[in-house]
Amino acid sequence: MPYFVYLLARKKDGTLYLGVTNDLARRVHEHKAKQRIGFASRYDVDRLVWYEEFEWVHDAIDREKVLKKWRRAWKINLIEDMNPEWADLYEGLA
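(A) View of the packing of aromatic side chains. Counting across every chain of the model gives five aromatic pairs. Seen in terms of ring centroids, Tyr-6 and Tyr-17 are 6.2 Å apart; in terms of plane orientation they differ by 45°. Their pairing is tilted. Note that Tyr-6 is positioned in strand 1 (residues 3-9) and Tyr-17 in strand 2 (residues 16-21), a separation of 11 residues in sequence. With relative accessibility at 1%, the residue Tyr-6 sits in the buried group. Pairing Trp-70 with Trp-74 gives two aromatic rings, centres 6.1 Å apart and planes at 85°, and the pair type is edge-to-face. A relative accessible area of 25% places Trp-70 in the partly exposed class. For Trp-74, a relative accessible area of 44% puts it in the partly exposed group. Each residue in the set Tyr-6, Tyr-17, Phe-39 and Tyr-43 is aromatic and connected to the rest through ring pairs, giving one cluster.

(B) Quick look at the nonpolar core. Val-5, Leu-7, Val-49, Trp-50, Leu-67, Ile-79 and Trp-86 are the most contacted members of the largest nonpolar core, which has 15 residues in total. Residue contributions to this core peak at four residues, all from strand 1. Here Trp-50 is in contact with Val-5, Tyr-6, Leu-7, Arg-63, Leu-67, Leu-78, Ile-79, Met-82 and Leu-89, once residues within four sequence places are set aside.

Scoring rules and cut-offs
- Residues numbered from 1 in each chain as written.
- Predicted model: local features only at pLDDT ≥ 70, side-chain atom pairs only at ≥ 80, totals over all residues.
- Heavy atoms only, no water.
- Phe/Tyr/Trp six-rings, centres within 6.5 Å; stacked < 30°, edge-to-face > 60°.
- Helix = DSSP H or I, 4+ residues; strand = E, 2+ residues; numbered from the N terminus.
- Buried < 20%, exposed > 50% of the residue type's maximum accessible area, 1.4 Å probe, protein only.
- Core = buried A, V, L, I, M, F, W, Y, C linked by side-chain atoms within 4.5 Å.
- Contact = heavy atoms within 4.5 Å.

These values are about where atoms sit, not about what they do.
Here you go:
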């Protein structure tokens, strides 16, 4: 079973949300549908702009912990290396 670390954004250079999940399509859909009350729904952060896939859950969690300590500029560079237009990658998951 794959695990994912992902970044959501409200808009280009907007508010960012970092998470980890074992079902990226389902989790992003939950963010888009505002199914859970929390940071992402409060700040309307629902555009999938970056993700990485891992085979083991502990690797995904470790990566998330590292990224949480990163400066915002480093996260923006990470996004723009994969997705320079900040397009919503959710459509490609279905």
